[in-house]
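Examining the three-dimensional arrangement
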Amino acid sequence: MKNKVDTTTWQNFNISDLFDIKGSKTTSLLELQEYGVGGFPFITTQAANNGTEGFYNFSTEKGGVLTVDSAVLGYCSYQDTDFSASDHVEVLTPKFEMTKNIAMFLVAIMNKEQYRYSYGRKASQERLKSCSIKLPAKNGKPDWDFMEQFIDTHTHNYNFATKPVKNLPTPELKTADWQFYKLDDLFDVKYGVNCELVNLEETTKDEKNSIRLVSRTDTNNGISAFVKMEEKAPNPANTISVASSGSVLATFSQTEEYYSGRDIYYLQPKTKVNNAILLFLITLIRKEKYRYNYGRQANRTLKSLKIKLPTRDNKPDWDFIKNFMETLPFSSQI
């Protein structure tokens, strides 16, 4: 199949003709108990990680559906398992036989429509029902076979990618025995280089002397552009970037040197740890986002922010964290 897809024969289809659209049953985090691996996803309005905030002890919605964030910018994701959800999560139940491949195709199409939405024009149920998307068509109907085959030809290494580093049972997360640590117990917490894109020369990723610019966005690993490296020293590689305002606590692993924009801190580990351990820590830092909003930023409190970690001899149990991460699906790709 050609890399460039010919869309000239595609047709518009109303979303309401393809899906039953309804609101999810709103579940508060206070009602849930953290379960870890094997639990049910809790879907929120975050535009990352498939909308998943964490895994908990019960579900309220059936899987095999699409979910759409109706609070912000209409982020769409596919939920293949049963789940629970926060407020402003709309559920799209297919009126056709939706395989995982077809769902992935539709998610990509739906997310290309995000430009239609804003804080003043949200992806509400009524608005979704009146919208249409352009799809491959055959005899006036969506060409599901084309979508199935298209995704199949672009994910031929999928089974390899899902493999863990260690083919062992995932250790149980018994959080009752974990202890709290402040971020500045674990990291040197430093303010980034504070660059402004308007003062930098934009490049492409592959150009010589190109470097990523990390901003306060909660998507794309925080990368908002690639720019030409200047005399200014970048933030070091193998650190964690954290937004203290905007998308507060948008937190990412940065494996390469990078420039950062306004209100970006970086966390440099005080102990030598690998990227898998950093990803574990990032998940726990992100779970504290609920503490912040546009009226409460993290610039003064970041160093004292506490996360709860597996502990041995009153120190973080880095070996347990590493072993846990290396038994998870996709860990071979870290």
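The present account deals with the structure reproduced in this document. (Residues numbered from 1 in each chain as written. Predicted model: local features only at pLDDT ≥ 70, side-chain atom pairs only at ≥ 80, totals over all residues. Heavy atoms only, no water.)

**Description of the packing of helix H2 (residues 100-111) against helix H4 (residues 144-153)**
The line we're drawing: Each axis is a line fitted through C-alpha atoms, and for a helix only the stretch in contact is used; angles between axes span 0 to 180 degrees, taken between their N-to-C directions. What counts as a helix is a DSSP run of H or I of at least four residues, what counts as a strand is a run of E of at least two, and both are numbered from the N terminus. Roughly parallel covers angles under 35 degrees, roughly antiparallel covers those over 145, roughly perpendicular covers 65 to 115, and oblique covers all other angles. By definition in these notes, contact holds between two residues if any of their heavy atoms fall within 4.5 Å. Each residue is assigned to one of three groups, with Ala, Val, Leu, Ile, Met, Phe, Trp, Tyr, Cys and Pro labelled nonpolar, Asp, Glu, Lys and Arg labelled charged, and all others, Gly among them, labelled polar.
It is at 8 Å that the axes of H2 and H4 come closest, and there the two elements cross at 90°. Between H2 and H4, the crossing angle belongs to the class labelled roughly perpendicular. Contacts between H2 and H4 pair Asn101, Ile102, Met104, Phe105 and Leu106 from the former with Trp144, Phe146, Met147, Glu148, Phe150, Ile151 and Asp152 from the latter. A breakdown of the residues in the contact of H2 with H4 according to their chemical character gives 9 nonpolar, 1 polar and 2 charged.

**What to know about helix H7 (residues 275-286)**
Applied cut-off: The length a helix should cover is 1.5 Å for every residue beyond the first. Three exposure classes are used, based on accessible area relative to the maximum for each residue type with a 1.4 Å probe and protein chains only: buried under 20%, partly exposed in between, and exposed over 50%. Side-chain atoms alone can form a polar contact between residues adjacent in sequence; in general such a contact is a pair of N or O atoms within 3.5 Å, and within protein one must be able to donate a hydrogen while the other accepts it.
With 12 residues, H7 ought to run about 16 Å at 1.5 Å a step, and its terminal C-alpha atoms sit 16 Å apart, in line with that. Of all 12 residues that make up H7, 9 are buried, and the element is covered over most of its length. The opening residue of H7 is Asn274, an N-cap whose side-chain oxygen sits 3.3 Å from the backbone nitrogen of Ala276.

**A few points about the state of the cysteines**
Joining two cysteines, a disulfide is a covalent bond between their sulfur atoms. Rule in force here: Criterion for a disulfide: a pair of cysteine sulfur atoms within 2.5 Å.
Summed over all chains, the structure comprises 0 disulfides. The thiol of Cys131 is not disulfide-bonded; the next cysteine sulfur, from Cys76, is found 12 Å away. With relative accessibility at 9%, the residue Cys131 sits in the buried group.

**Some details on the pairing of strand S17 (residues 239-243)**
Put simply, the rule reads: Strands qualify as paired when DSSP identifies two bridges or more between them.
Counted residue by residue, S17 has 5 buried out of 5 residues, so it is predominantly covered. Along S17, one buried face is formed by Thr239, Ser241 and Ala243 and the opposite face, lined by Ile240 and Val242, is buried too. As defined by bridge partners, S17 adjoins strand S18 (residues 251-254) across 4 bridges and the pair is classed as antiparallel. By the bridge assignment for S18, Ile240 is matched with Ser253. Direction of pairing for S17 relative to strand S20 (residues 264-269): antiparallel, over a ladder of 4 bridges. Across the sheet, the residue bridging to Ser241 is Tyr266, located in S20.

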